[in-house]
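# Examining the three-dimensional arrangement
Chain residues, written in single-letter form:
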Amino acid sequence: MSKRRTAVVTGGGSGIGRAIAHRLASDGFAVAILDLNNEAAETTAEEITQNGNEAVAFGGVDISDRAQVNAAVDKVRATLGPVLVLVNNAGLTAMDAFLKISDDLWDRVMAVNLGGTFYCTQAVLPDMVEAKWGRIVNISSSSTHSGQPFQTHYVAAKSAVVGLTKSLALEFGPKGITVNTIPPGFVDTPMLRASEEKGLLAGSVEDHAKLTPVRRAGRPEDIAAACSFLVSDEAGYITGQIIGVNGGRNT
Ligand code: NAP
């Protein structure tokens, strides 16, 4: 069993989650990568171990299914020890006219973005309570600052993640556990490029980068750097906060 602190990163196979997994592993955490995409999770874990750091893939896990989450977290504990850091990153984006959103789609967007965060957090919190130390970072979205047309389902789910973060921080602060949210804005990942390809961005990624105050799109590593600080010992006085990483697009 690892003597390092163990961090679970959901959606760690791709984009922002992949960068967070790499960063936390290089910070010295043993990283468990939970992802629906088995191959992507395995690839990230292999890259990390090839760099001399510690990571194990737990692929094929749908965070919207409580039984799958609990089974995966049990395996993480058995392999890497108790989970003291959780990054709830896996998410499902969607873009639909409000009047066209079906009940099934609404439920799926809620189930992954909000339900998955709920299930993963309940699964790992007992380890943090036992250790009297824990760090949770929820990846929400900059769209929660501003709203976003055609994303009512997604923005509603991500806004609920912000509320969950604030309330959880108050409940678990006395137990040594901090809970914060990073709402990323316009980060160049496979999710963003898929939206661009489908013509959903009203322009290219490069067009939007020109309108961003820092004049570039976000990089997954930008989010990973903020996350690295929030899960550190030094960040123990920061909890219940919304730490925007968005190139100045939202303030
Ligand atoms: P990404 O490149 O699509 O990566 C997301 C990863 O999560 C993928 O490996 C995906 O697997 C996995 N995943 C999706 N649904 C899952 C589920 N139900 N259970 C387990 N794993 C699941 O996305 P990203 O751009 O890095 O986004 C990461 C997070 O940041 C998301 O929560 C997203 O909403 C948020 N965010 C991103 C941006 C941005 O500009 N990129 C902006 C605001 C917020 P599959 O490939 O199999 O689907």
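Residues numbered from 1 in each chain as written. Predicted model: local features only at pLDDT ≥ 70, side-chain atom pairs only at ≥ 80, totals over all residues. Heavy atoms only, no water.

## Quick look at empty space enclosed by the protein
Any empty space left between atoms is shown by rolling a water-sized probe over those atoms. Convention followed: Points on a 1 Å grid, built from protein atoms alone, make a cavity when a 1.4 Å probe fits but cannot get out and make a pocket when they are open with protein on both sides within 12 Å along at least 5 of 7 lines; residues with an atom within 4 Å of a point are the lining residues. Grid points are joined across faces, edges and corners, and a volume is the space filled by probe spheres set on the points. Strands are runs of DSSP state E lasting at least two residues, helices are runs of H or I lasting at least four, and both sets are numbered from the N terminus onward. All amino acids are sorted into three groups, where Ala, Val, Leu, Ile, Met, Phe, Trp, Tyr, Cys and Pro are nonpolar, Asp, Glu, Lys and Arg are charged, and the leftover types, Gly among them, are polar.
Counted by the stated rule, this structure contains 1 cavity of 30 Å³ or more. Listed by contribution, the elements that provide at least two residues to the lining of the largest cavity are helix 4 (103-131), strand 5 (134-139) and helix 6 (152-172). Considering only residue class, the lining of the largest cavity consists of 3 nonpolar, 4 polar and 1 charged.

## Observations regarding the pattern of salt bridges
As a reminder of what qualifies: Definition used for salt bridges: Asp or Glu carboxyl oxygen within 4 Å of a side-chain nitrogen of Lys or Arg. Relative accessibility thresholds used throughout: buried, under 20% of the residue-type maximum; exposed, over 50%; partly exposed, between the two (1.4 Å probe, protein chains only).
The final tally for this structure, using the stated rule, is 11 salt bridges. Here Arg 18 ties to Glu 47 by a salt bridge, and the two come within 3.1 Å at their closest N and O atoms. Of this pair, Arg 18 sits in helix 1 (residues 15-26) while Glu 47 sits in helix 2 (residues 38-50); the two residues are 29 residues apart in sequence, bridging distant segments of the chain. For Arg 18, a relative accessible area of 33% translates into the label partly exposed.

## Considerations on the environment of Pro 183
How we decide: In this description, contact between two residues means that some pair of their heavy atoms is separated by no more than 4.5 Å.
Here Pro 183 is to be found in the loop between strand 6 (177-182) and helix 7 (190-197). The class of Pro 183 is buried, set by a relative accessible area of 0%. Separated by 80 residues in the primary sequence, Pro 183 and Asp 103 have C-alpha atoms spaced 26 Å apart. Contacts of Pro 183, omitting those with residues within four sequence positions, involve Ser 140, Ser 141, Ser 142, Thr 144, His 145, Ile 242, Ile 243, Gly 244 and Val 245.

## Thoughts on a nonpolar patch on the surface
Threshold: Residues enter a patch when their relative accessible area is above 30% and they make no salt bridge; the linking distance is 9 Å between like charges and 5 Å between nonpolar side chains (Val, Leu, Ile, Met, Phe, Trp, Tyr). Only the protein chains shown count as cover for residues, with accessible areas throughout obtained via the Shrake-Rupley method and a probe of 1.4 Å.
Taken together, the side chains of Phe 98, Leu 99 and Trp 106 present a nonpolar region at the surface, about 380 Å² in accessible area. Tracing the backbone shows Leu 99 in the loop between strand 4 (83-88) and helix 4.

## Some words on the environment of Asn 250
Tracing the backbone through its elements, the reader meets Asn 250 in the segment after helix 9 (220-230). Sequence separation of Asn 250 and Asn 113 is 137 residues, and the distance between their C-alpha atoms is 21 Å. Apart from the residues lying within four places of it in its own chain, the contact partners of Asn 250 are Ser 142, His 145 and Ser 146.

## Considering the pairing of strand 1 (residues 6-10)
To keep things clear, this is the line we draw: A pair of strands is labelled paired if DSSP reports no fewer than 2 bridges between them. Think of it like this: strands point away, you trace from the first strand over the helix to the second, and a clockwise trace means the crossover is right-handed.
The element strand 1 is extensively covered by neighbouring structure, given that 5 of its 5 residues are classed as buried. Alternating residues of strand 1 divide into Thr 6, Val 8 and Thr 10 and Ala 7 and Val 9, and every residue in both groups is buried. Relative to strand 2 (residues 30-35), strand 1 runs parallel, the two sharing 5 bridges. Of the residues in strand 2, the one forming a bridge with Val 8 is Ala 32. Handedness of the crossover joining strand 1 and strand 2 through helix 1: right-handed. The pairing of strand 1 with strand 4 spans 4 bridges and is parallel. Across the sheet, residue Val 9 finds its bridge partner in strand 4, namely Val 87.

## A closer look at the site of the ligand
What counts, and what does not: Proximity criterion: a residue is near a molecule or strand once any of its heavy atoms comes within 4 Å of it. Under this definition, polar contacts are N or O atom pairs within 3.5 Å; protein pairs additionally need one hydrogen-donor-capable and one acceptor-capable atom, and for neighbouring residues in sequence, both atoms have to be side-chain atoms. Cavity and pocket membership follows a simple rule, namely that a molecule belongs there if more than half of its atoms are within 2 Å of the grid points.
As a matter of local geometry, the ligand sits amid 26 residues, with Ser 14, Asn 89, Tyr 154, Val 187 and Thr 189 nearest to it. Measuring from an oxygen atom of the ligand, one finds a backbone N or O atom of Ile 16 at 2.8 Å. For the ligand, a nitrogen atom lies 2.9 Å from a polar atom in the side chain of Asp 62. Summarising the interface, the protein chains cover 86% of the accessible area of the ligand, which totals 890 Å² for the free molecule. For the ligand, the cavity whose grid points lie within 2 Å of the majority of its atoms is the largest pocket. Elements with a contribution of two residues or more to the shell around the ligand: helix 1, helix 4, helix 6 and helix 7. For the shell around the ligand, the per-class residue count stands at 13 nonpolar, 9 polar and 4 charged.

## Comments concerning the nonpolar core
Where we set the bar: Among buried residues, those of type Ala, Val, Leu, Ile, Met, Phe, Trp, Tyr and Cys that are joined through side-chain atoms within 4.5 Å constitute a nonpolar core.
Within the largest apolar cluster, 31 residues are counted, with the highest numbers of intra-cluster contacts made by Ile 20, Leu 24, Val 31 and Ile 182. Among the elements of the structure, strand 1, helix 1, strand 2, helix 2, strand 3 (55-59), strand 4, strand 5 and helix 9 are those that each provide at least two residues to this core. The biggest single contributor to this core is helix 1, with 6 residues. Residue contacts for Leu 24: discarding those within four places in its chain leaves Ala 7, Val 9, Phe 29, Val 31, Val 85, Val 87, Ser 228 and Val 231. Listed in part, the 27 residues of the second largest apolar core include Phe 58, Val 76, Cys 120 and Ile 177.

## Re unusual backbone geometry
With a phi angle near 55°, Phe 186 is a residue other than glycine that sits in the positive phi range. As for its placement among the helices and strands, Phe 186 is situated in the loop between strand 6 and helix 7. Overall, the relative accessible area of 13% leaves Phe 186 in the buried class. In this structure, Ala 202 is a non-glycine residue whose phi angle is positive, near 55°. Of note, Ala 202 is situated in the loop between helix 7 and helix 8 (205-211).

Bear in mind that shape data such as this cannot, by itself, settle questions of function.
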